[in-house]
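Observations on the model geometry
Listed below, chain by chain, are the residues.
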Amino acid sequence: AATAERRDLVAEIRETAAALDRGFAAGAGDREAMTSKLQALAKLNPSREPAREIGGRWTLLYTDAPDILGIPATGGPLVELARIGQEIDAGQGTIANVIEWKAPRWLTGLASAISEDTIVQRVFTDFVVASPSKVDLKIKGLGLQPRRALGVDLPAAARFELRGPLALPFGAFEV
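Residues numbered from 1 in each chain as written. Predicted model: local features only at pLDDT ≥ 70, side-chain atom pairs only at ≥ 80, totals over all residues. Heavy atoms only, no water.

**Focus on helix α1 (residues 2–19)**
- Over its 18 residues, α1 runs 26 Å from end to end, which matches the ideal 26 Å to within 8%, given 1.5 Å per residue.
- Inspection of α1 places Leu-9, Ile-13, Thr-16 and Ala-17 among the buried residues, and these make up the whole buried set. Projected down its long axis, α1 carries its buried residues within an arc of 100°, all on one side. Facing away from the buried side of α1, by more than 90 degrees, are the exposed residues Arg-7, Arg-14, Glu-15, Ala-18 and Ala-19.
- Among the structural elements, α2 (28–43) are those in contact with the buried residues of α1.
- Asp-21 sits one or two positions beyond α1 and adopts a positive phi of about 50°. (Helix = DSSP H or I, 4+ residues; strand = E, 2+ residues; numbered from the N terminus. Expected span 1.5 Å × (residues − 1). Buried < 20%, exposed > 50% of the residue type's maximum accessible area, 1.4 Å probe, protein only. Arc of directions from axis to C-beta. Contact = heavy atoms within 4.5 Å.)

This is the structure we're talking about:
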């Protein structure tokens with residue numbers, strides 16, 4: 001019964017997240033309703049220590065985090081937000097926050113060769129499990145990876161990464 005309840009709640013959360021454009025179109029009431037759904041789902045988690053089980057590649061379905069909600073405004077008129085995700089390596093204790101940008105529709109209508117142009121922005125963090133459901137982050141660096149420009153695949157040499165020897169506190173999140 002709990003499995004069916006989790007499955008139904010996940011389907012409802014996915015549908016709501018899509019309707020709210022990942023949270024970018026959510027008002028205060030929408031955020032409250034989604035928080036309630038997410039808290040209900042967390043109570044159905046069969047894991048006693050979910051923070052120890054994070055890992056893999058994820059695509060953001062919904063957020064209410066102000067730093068994420070401000071991302072579309074940072075792109076400007078020449079890029080459009082495509083995907084936000086995370087690449088979590090539990091063994092290494094690292095997370096790469098991934099933001100993918102693409103050419104906006106109005107621009108691809110003028111020059112179809114750029115319709116598949118992409119730039120990938122990454123923020124690299126280390127993480128430690130702080131509690132059974134909480135993960136603490138420390139920022140380690142950033143990267144900018146243009147993949148395609150003017151319809152041409154770019155070489156790996158066009159990609160830039162900067163990782164320092166120091167790690168600064170970068171916040172935390174609940175699983």
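Alright, that's what it looks like, and here's the rest.
**Brief notes about the pattern of salt bridges**
- In total, this model carries twelve salt bridges according to the counting rule given.
- Residues Glu-87 and Arg-122 are paired through a salt bridge, measuring 2.7 Å at the closest nitrogen-oxygen approach. Placement of the pair is Glu-87 in strand β2 (residues 80–89) and Arg-122 in strand β4 (residues 118–131), with a sequence separation of 35 residues.
- Looking at Arg-122, the relative accessible area reads 11%, which means it is buried. (Salt bridge = Lys/Arg side-chain N within 4 Å of Asp/Glu carboxyl O.)

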